[in-house]
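# A structural walkthrough
Here is how the chains run, residue by residue.
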Amino acid sequence: MKLWKPSLAFLYKTSARTQSKALKASPPVVLASGFAVLILLGTLALKLPFATVVPITWLQAVFTATSAVTVTGLVVADTGGDFTLFGTSVIAVLIQLGGIGFMTFAILAVSSLGGKISIQQRLLAKEAMNQTSLMNIVKTAKAVLILAVICELVAAIALTLLWWPEMPLLKAFGHGLFYAISAFNNAGFGLSPDSLIPYASNVPINLIISCLFIVGGLGFSVITNMYEGRRWRNFSVYTKSILITTLVINLVSMFVIYGLEHNNPQTLGGLSNVGQWTAAWFQAVTPRTAGFNSVDIGALTDASAVYMLLLMFIGGGSMSTAGGIKLGTFIILMLATYTFIRRREHVTLMERSLSQEAVMKALAVTMVTIAMLFIGIFVLMILNNLPFIDIAFEVLSASATVGLSRGVTDQLTPLSQCIIMLLMFAGRVGPLTLVYFLTTPNKRRIRYPQTTIQVG
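These lines cover the structure that appears in this document, whether it is placed above or below. (Residues numbered from 1 in each chain as written. Predicted model: local features only at pLDDT ≥ 70, side-chain atom pairs only at ≥ 80, totals over all residues. Heavy atoms only, no water.)

### What to know about helix α3 (residues 58–69)
The terminal C-alpha atoms of α3, which comprises twelve residues, lie 16 Å apart, in line with the 16 Å expected from a rise of 1.5 Å per residue. Every buried residue of α3 is listed here: A61, F63, T64, A65, T66, S67, A68 and V69. Of the residues flanking the end of α3, it is V71, one or two places downstream, whose phi is positive at about 45 degrees. (Helix = DSSP H or I, 4+ residues; strand = E, 2+ residues; numbered from the N terminus. Expected span 1.5 Å × (residues − 1). Buried < 20%, exposed > 50% of the residue type's maximum accessible area, 1.4 Å probe, protein only.)

### Some remarks on empty space enclosed by the protein
According to the stated counting rule, one finds one cavity of 30 Å³ or more in the structure shown. The calculated volume of the largest cavity comes to roughly 80 Å³. Lining the largest cavity we find N186, F213, I214, G217, L218, T246, N250, V285, R288, G316 and A322. Of all the secondary structure elements, the ones that give two or more residues to the lining of the largest cavity are α10 (203–218) and α12 (237–261). Take the lining of the largest cavity: its biggest share by element is four residues, from α10. Considering only residue class, the lining of the largest cavity consists of five nonpolar, five polar and one charged. (1 Å grid on protein atoms, 1.4 Å probe; cavity = no way out; pocket = protein on both sides within 12 Å on 5 of 7 lines; lining within 4 Å. Points joined across faces, edges and corners; volume = space filled by probe spheres on them. Nonpolar A, V, L, I, M, F, W, Y, C, P; charged D, E, K, R; others polar.)

### Some points on the nonpolar core
The biggest cluster of nonpolar side chains holds 112 residues, and the ones touching the most others in it are I209 and I420. Non-local contacts of I420, meaning those with residues more than four positions away in its chain, are made with F63, L74, L380, E394, A398 and L412. (Core = buried A, V, L, I, M, F, W, Y, C linked by side-chain atoms within 4.5 Å. Contact = heavy atoms within 4.5 Å.)

### Observations regarding the layout of surface pockets
In this model, the second largest pocket occupies a volume close to 570 Å³. Contributing to the lining of the second largest pocket are 28 residues, with V75, P193, S195, N293 and S405 lying nearest its centre. Tallied by class, the residues present in the lining of the second largest pocket amount to ten nonpolar, 13 polar and five charged.

### Description of a nonpolar patch on the surface
A contiguous nonpolar patch, built from V37, L40, L41, L44 and W58 and spanning about 520 Å² of accessible area, is present on the exposed surface. With four residues, the single largest contributor to the nonpolar patch is helix α2 (residues 27–46). You can see L44 is positioned in helix α2. (Patch = residues over 30% accessible without salt bridge, like charges linked within 9 Å, V, L, I, M, F, W, Y side chains within 5 Å. Areas by Shrake-Rupley, 256 points an atom, 1.4 Å probe, with all protein chains shown as cover. Salt bridge = Lys/Arg side-chain N within 4 Å of Asp/Glu carboxyl O.)

### Let's talk about unusual backbone geometry
Even without being glycine, S195 reaches a positive phi, approximately 55 degrees. The phi dihedral of R343 falls on the positive side, at around 60 degrees, and the residue is not glycine. Structurally, R343 can be placed in the loop between α15 (327–341) and β1 (348–349).

All we've got here are geometric facts, nothing functional implied.
Structural data, given as structure tokens:
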């Protein structure tokens, strides 16, 4: 007995140390592991016999699960044709969990059961939700969930009423709910192989779906600040800058797409005047990670495709369901460039100065993203005999978690599809990981003499 008690004590201490090490795992590791587990569970669920109409390969299952969890929307199987009601329901759940974030549900679960959230858990949630304070994590999580549920239910009911005349009520509601979840989470999954092309001129459907993914792409912190502030003067500088930039980019993009495509008979040329402007609006706002399309993306002019590459690269707001380098990063880069050209000392926005750390962080995120894009395009050009614009579009769409395609996803080699999956995963998790390491201070006490390097 004397030997047994110390043994139990030793095992207890060993277990405690193991749990302590697990809890001390960095937030990016936990977040990446969480997304990976969701993808694994989704893959297994989609491979069940009753999840598909016809059997699909393991590669198709894991690709679909990865695309859903990363809220991208690239597909190698027909979502509405190859999957049963159970299969599409699994995809919708994966989109919801991947879009809003499993950390939100975890925090709410602990809170609802009366449990206390530790500092380590709050740190993890802070990184996952891109917050600057530990105090409002639970409040923000609740606001995120409430906002998602309200927006999705209202949109689902509206879409049901619009689709009811052409299909049974239950089917119309199923379509409406699926598209509402997919749109709000900027996933881009549709139940038709041609996405929303049949509704290119349908103003109500275009406005509902575009409003959903614009709201989802603004970022929950922006929505929360708007709700709490109520008036423009009470909004934060970040909220004002995101709203203004979003409006400007969307309007400019609409005119650009209309100007480039209104004479193209394969896209806008065959539509009515109202239909052309409706489709131009939709194609202008969808590249910033929504993934839906109401015209054939493969039929767009090369100029329009290149312009969409820019929109996909920019992406949406931080703490949103959107991807890309994020709108805030783009704003900082533009302001830093303007500041240098005007020979000013400090980067300012709305009479507020931005820290050097913010500028360096924006530069780091951009450079890492560019490097990832270059490597992806380079490798896929080696593995596939496809036009450069199609490869570049596919790589940028995957890494920015957009989901738009020029129709070459299922033409890629199996290895190329695996690379696309890695890009989707990196696009969803990578920025979080990078931001975490950039916000972890690693100051050096040694200072070196300054030198100069020629630039430009």
